[in-house]
Amino acid sequence: MTTSPSTERTTSSTERATSSSRRTTSSTDRTGASTAEAAGVISGARERIDALDDRIIGLIQERMAVSAVIQEARITSGGRRVNLARETEILTHYREALGRPGTTLAMTLLELCRGRV
């Protein structure tokens, strides 16, 4: 098969563009960024978020354990497992600190922490 020099240049140019596109896409695919610099910033920030999420999960687990102690003490003393007045305080605290979505977050936390004593 015979190829002309212009075909070779076109193929070579196309291959370079495809190769370059693959490098750019691979470094930005996971972040949605359009530049490598932005992808680096996003990747670093996501690592920080992942670390924060791990800490938050640990704190929630600790909160669940403390709540279980409170519930056990309350039940052992003849009280109810859930104290609705306290839960209302918690809902208010989260709503005041985080706005309306704070209420939803507090409800989820309370559900997680009610447990089964």
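Every chain's residues receive numbers from 1 upward, in the order its sequence appears when written. Reporting of local features is limited, given that this is a predicted model, to residues whose pLDDT is at least 70; pairs of side-chain atoms are given and counted only at 80 or more, and all residues count toward the totals for whole chains, interfaces and linings. Where side-chain values are given, they derive from all heavy atoms of the structure, hydrogens and water being excluded.

Novice: I tried to follow the pattern of salt bridges on my own but got confused; where do I start?
Specialist: Pairs may arise between side chains of opposite charge once their charged atoms sit close together. Here, a salt bridge means any Lys or Arg side-chain nitrogen found within 4 Å of an Asp or Glu carboxyl oxygen. Throughout the structure, instances matching the rule amount to 2 salt bridges. Ionic pairing is found between E89 and R86, a salt bridge with its closest N-O pair at 3.2 Å. Of this pair, E89 and R86 are both found in helix α3 (residues 84-98), 3 residues apart, which corresponds to roughly one turn of the helix. Here R114 makes a salt bridge to E87, at a shortest N to O gap of 2.6 Å. Linking R114 in helix α4 (residues 100-114) with E87 in helix α3, this pair joins segments that are 27 residues apart in sequence. Judged by relative accessible area, which is 11%, E87 ranks as buried. A run of H or I in DSSP becomes a helix once it reaches four residues, and a run of E becomes a strand once it reaches two; helices and strands are each numbered from the N terminus. The buried label applies to any residue whose accessible area, calculated with a 1.4 Å probe on protein chains only, is under 20% of its type's maximum; exposed applies above 50%, and partly exposed to all values in between.

Novice: Would you explain the layout of surface pockets in this entry?
Specialist: Left-over empty space is what a probe sized like a water molecule reveals as it rolls over the atoms. In this model, the largest pocket occupies a volume close to 280 Å³. Surrounding the largest pocket, 15 residues form its lining, R63, S67, I70, R86 and I90 being those nearest its centre. Every element with two or more residues in the lining of the largest pocket is listed here: α2 (36-76), α3 and α4. It is α2 that contributes the most residues to the lining of the largest pocket, 6 residues altogether. Here the nonpolar group is Ala, Val, Leu, Ile, Met, Phe, Trp, Tyr, Cys and Pro; Asp, Glu, Lys and Arg are the charged ones; every other residue, Gly included, is treated as polar. Broken down by class, the residue content of the lining of the largest pocket amounts to 6 nonpolar, 3 polar and 6 charged. Of the two site types, the cavity is a set of points on a 1 Å grid over the protein atoms alone where a 1.4 Å probe fits but cannot get out, and the pocket is an open set with protein on both sides within 12 Å along at least five of seven lines, each lined by residues with an atom within 4 Å of a point. Grid points are joined across faces, edges and corners, and a volume is the space filled by probe spheres set on the points.

Novice: Can you help me understand a negative patch on the surface in this one?
Specialist: On the surface, E47, D50, D53 and D54 cluster together to form a negatively charged patch. Along the chain, D54 turns up in helix α2. Patches were defined on residues exceeding 30% relative accessible area and lacking a salt bridge, with like-charge contacts within 9 Å and nonpolar side-chain contacts (Val, Leu, Ile, Met, Phe, Trp, Tyr) within 5 Å. All accessible areas in this document rest on Shrake-Rupley with a 1.4 Å probe, and a residue is counted as covered only by the protein chains that are shown. Counted charges follow a simple rule, with Lys and Arg positive, Asp and Glu negative, and His plus the chain ends left uncounted. The atom standing in for a charge is NZ when the residue is Lys, CZ when it is Arg, CG when it is Asp and CD when it is Glu.

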